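Analysis of the macromolecular model
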2 protein chains.
Amino acid sequence: MQDDAPREIEALIDLMARLPGLGPRSARRAVLTLLKKRGQLMAPLAQAMANVALNARDCVICGNIGTADRCAICADDRRAIPEICVVEDVADLWAMERAGVFKGRYHVLGGTLSALDGIGPEDLRIPHLAARVRDEGVAEIILALNATVDGQTTAHYIADSLSGAGVAITSLAQGVPIGGELDYLDDGTIGAALRARKRF
Amino acid sequence: MQDDAPREIEALIDLMARLPGLGPRSARRAVLTLLKKRGQLMAPLAQAMANVALNARDCVICGNIGTADRCAICADDRRAIPEICVVEDVADLWAMERAGVFKGRYHVLGGTLSALDGIGPEDLRIPHLAARVRDEGVAEIILALNATVDGQTTAHYIADSLSGAGVAITSLAQGVPIGGELDYLDDGTIGAALRARKRF
Ligand SMILES: [Zn+2]
Ligand SMILES: [Zn+2]
């Protein structure tokens, strides 16, 4: 990159450009905004980021990100119901929590099985899930994986591997999203919704 | 916002969402990437940002942002030619520097005149420009303001205010950008390019 901004500022732009959704151009614009708001925005943001970088850790039980060895959900006794919701990623856990409908605890896999990328069960938190089912007296595993090929492959693998564990295994219903227009849905969604049709 | 991520992480997402180009949703995605790359990306980014927040300052001469009272350009004797390029914003200065064609120094106005927003000459660095013309023996002022109504109003105001100062006042040529297709250009650009047409 040409030396058009001071070296420290270029270094900051280069790091910002590694964030998803920000290319070199928008990273430059973002840094310029930060430079103009050094006191109100840049200093607090640097502080908040350093704070999280220092304090964030993966929950040893579920893989969620929190600020202690156990995340707030695993530490909350009210959530000790015998149901575990399995998600691919912390972002999916956050989405479930925003929906506010699941009252139990989670298990974050940290990805999906992928032959292409060489990701096997041991690379995810799948063995740990079997241990939790055994140790925590879990009655139901709710598979909330993405409706992608890899997500569904992973769901089938988990269902198979837990088939002898005496636990009910369910998955989120597939269908037309609330407010969804058929015209804008892919064929797979429409097919799944048709197969899962209910008496009106 | 619902308490779906820990408080410290929500605070970080809220600050990130104030950057241009990042809404709440993409700020959340960006923070999730940072959380996954705590060591390689988040900690260095926090450090780079704190460093710039602490060290960046406005050049007392031209208004560029650097890391000393005088920016690198004002401190560079090779750029002491009697031409000053006037730009609205530091981003425009960076764009000029990337082009690498101007060898003199700059004057960053910090915005444009705007009756609507109540921004007058004293709110910009216009009085300071007149002082520089007087004190630095400037022969030419190149107005590199945006081709917007406010940019051009500001250019005319500066040209008027310096009319008795014995300095040549020029502005960037308007026309079809390199690689520009007429079909995609606005009418104003085509009109300006036609009026400024040259013998082929
Ligand atoms: Zn947990
Ligand atoms: Zn300067």
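Nothing here was measured: the structure is a model prediction, and the numbers come from that model.

On to the coordination of the zinc ion (ligand 1), then. Residues and elements named next belong to chain A. Protein coordination at the zinc ion (ligand 1) comes from Cys59 (SG), Cys62 (SG), Cys71 (SG) and Cys74 (SG), with a distance range of 2.3 to 2.4 Å. Coordination at the zinc ion (ligand 1) is tetrahedral, judged from the 4 donor atoms that bind it and the angles of 105 to 114 degrees they form at the metal. Here the donor residues for the zinc ion (ligand 1) map to a single chain with the spacing C-x2-C-x8-C-x2-C.

Turning our eyes to something else, we now look at the nonpolar core. Counting residues in hydrophobic clusters, the biggest one holds 82 residues, and the most contacted among them are Met16 and Met49 of chain A together with Met16 and Met49 of chain B. Not counting the four nearest positions on each side in its chain, Met16 of chain A is found in contact with Leu22, Ala27, Ala30, Val31 and Leu34 of chain A together with Leu19, Leu45 and Met49 of chain B.

Under the feature "domain: Toprim" (unreviewed entry), the UniProt entry names residues 82–177 of chain A. This span, residues 82–177 of chain A, is 34% helix and 18% strand, and a straight line between its end C-alpha atoms measures 28 Å.

Here we take up the relation of the copies chain A and chain B. Mapping chain A onto chain B calls for a rotation angle of 180 degrees and an axial translation of 0.0 Å; the resulting RMSD is 0.1 Å. Here the symmetry operator amounts to a two-fold rotation axis. Proximity to the rotation axis, assessed at the C-alpha, singles out Ala46 of chain A in chain A; its C-alpha lies 2.4 Å from the axis. Taken together, the interface assignments show that 100% of the residues at the interface of chain A recur at the interface of chain B, consistent with an identical surface on both copies.

All names here are of chain B. The protein atoms that coordinate the zinc ion (ligand 2) are Cys59 (SG), Cys62 (SG), Cys71 (SG) and Cys74 (SG), at distances spanning 2.3 to 2.4 Å. In this structure, the zinc ion (ligand 2) is coordinated by 4 donor atoms arranged in tetrahedral fashion, with angles at the metal of 106 to 116 degrees. If you list the donors of the zinc ion (ligand 2) from N- to C-terminus, the spacing comes out as C-x2-C-x8-C-x2-C. Like Cys59, the residue Cys62 is buried in the burial classification.

Turning next to the sheet that holds strand β5 (residues 140–143) of chain B. Across a sheet, paired strands are connected by hydrogen bonds in the backbone, their directions being either parallel or antiparallel. Residues and elements named next belong to chain B. If you walk across this open sheet you meet the 4 strands as β4-β3-β5-β6, and the pairing is parallel. Looking at the sheet topology across the chains shown, the edges are occupied by β4 (105–108) and β6 (168–171). On average, each strand axis in the sheet is inclined to that of its neighbour by 25 degrees, with strand direction left out of account. Inspection of the sheet shows strand β3 (residues 83–87) paired to β5 by 4 bridges, in the parallel sense. Looking at the pairing, Val86 lines up with Leu143 of β5.

Taking 1.5 Å per residue, 13 residues should reach 18 Å; helix α2 (residues 24–36) of chain B reaches 18 Å between its end C-alpha atoms and fits that length. Residues of α2 of chain B that are buried in the fold lie against α3 (38–55), β2 (65–66) and α4 (90–99) of chain A together with α1 (7–16) and α3 (38–55) of chain B.

Quick look at the packing of aromatic side chains now. Residue and element names in this part refer to chain A. Counted under the stated rule, the structure contains 2 aromatic pairs over all chains. When the centroid spacing of 5.3 Å and the interplanar angle of 65 degrees are considered together, the rings of Phe102 and Tyr106 count as edge-to-face. Comparing Phe102 with Tyr106 shows no difference in burial state: the two are buried.

On to the pattern of salt bridges, then. Residue and element names in this part refer to chain B. Inspection of the entire model under this criterion finds 14 salt bridges over all chains. Glu10 is the partner of Arg28 in a salt bridge, and the nearest nitrogen-oxygen pair spans 3.6 Å. Of this pair, Arg28 sits in helix α2 while Glu10 sits in helix α1, and the two are 18 residues apart along the sequence. Here the two residues Arg28 and Glu10 agree in accessibility, since each one is buried. Across the pair Glu97 and Arg79 runs a salt bridge whose closest N-O atoms are separated by 2.9 Å. With Glu97 in helix α4 (residues 90–99) and Arg79 in the loop between β2 (65–66) and β3, this residue pair connects regions lying 18 residues apart in the sequence. When its relative accessible area of 11% is taken as the criterion, Glu97 is described as buried. On the accessibility criterion, Arg79 (13% relative accessible area) is buried.

Turning our eyes to something else, we now look at the sheet that holds strand β3 (residues 83–87) of chain A. Residues and elements named next belong to chain A. Strand order in the open sheet made by the 4 strands is β4-β3-β5-β6, with parallel pairing throughout. Every other strand in the sheet has two partners, leaving β4 (105–108) and β6 (168–171) as the edge strands with one partner each. The average undirected angle you get between the axes of adjacent strands in this sheet is 25 degrees. The strands touched by α4 within the sheet are β3 and β4, with β4 carrying the most contacts at an inclination of about 160 degrees. The sheet strands contacting helix α5 (residues 126–135) are β3, β4 and β5 (140–143), and the helix crosses β4 at an angle near 155 degrees.

For the rest of this paragraph, the subject is the interface of chain A and chain B. Contact residues are listed per partner, giving 49 residues for chain A and 49 residues for chain B. Contact between chain A and chain B buries roughly 4800 Å² in total, counting both sides, with carbon and sulfur atoms accounting for 73%. A per-residue breakdown of the area chain A buries against chain B is headed by Arg38, Met49 and Trp94 of chain A, which together make up 15% of the total. Two residues, Asp89 of chain A and Lys36 of chain B, come together in a salt bridge whose shortest N-O distance is 2.8 Å. On inspection of chain A and its partner chain B, the count reaches 4 residue pairs in polar contact (both at pLDDT 80 or more). With 14 residues, α3 of chain A is the single largest residue contributor to the side of chain A that touches chain B. For the side of chain A that touches chain B, the per-class residue count stands at 30 nonpolar, 7 polar and 12 charged.

What counts as what
- Residues numbered from 1 in each chain as written.
- Chains lettered and ligands numbered in written order.
- Predicted model: local features only at pLDDT ≥ 70, side-chain atom pairs only at ≥ 80, totals over all residues.
- Heavy atoms only, no water.
- Donors = N, O, S within 2.8 Å, 3.2 Å for Na, K, Ca; no water.
- Tetrahedral: all angles 85-135°; square planar, octahedral: opposite > 155°, others 65-115°.
- Core = buried A, V, L, I, M, F, W, Y, C linked by side-chain atoms within 4.5 Å.
- Buried < 20%, exposed > 50% of the residue type's maximum accessible area, 1.4 Å probe, protein only.
- Contact = heavy atoms within 4.5 Å.
- UniProt positions renumbered as here; feature names shortened; annotations may be inferred.
- Helix = DSSP H or I, 4+ residues; strand = E, 2+ residues; numbered from the N terminus.
- Least-squares fit on C-alpha atoms with pLDDT ≥ 70 in both.
- Pairing = 2+ DSSP bridges.
- Axes fitted to C-alpha atoms, helices over the stretch in contact; angles between N-to-C directions.
- Expected span 1.5 Å × (residues − 1).
- Phe/Tyr/Trp six-rings, centres within 6.5 Å; stacked < 30°, edge-to-face > 60°.
- Salt bridge = Lys/Arg side-chain N within 4 Å of Asp/Glu carboxyl O.
- Buried area = accessible area lost by both parts, 1.4 Å probe.
- Polar contact = N/O pair within 3.5 Å; in protein donor to acceptor, adjacent residues only side chain to side chain.
- Nonpolar A, V, L, I, M, F, W, Y, C, P; charged D, E, K, R; others polar.

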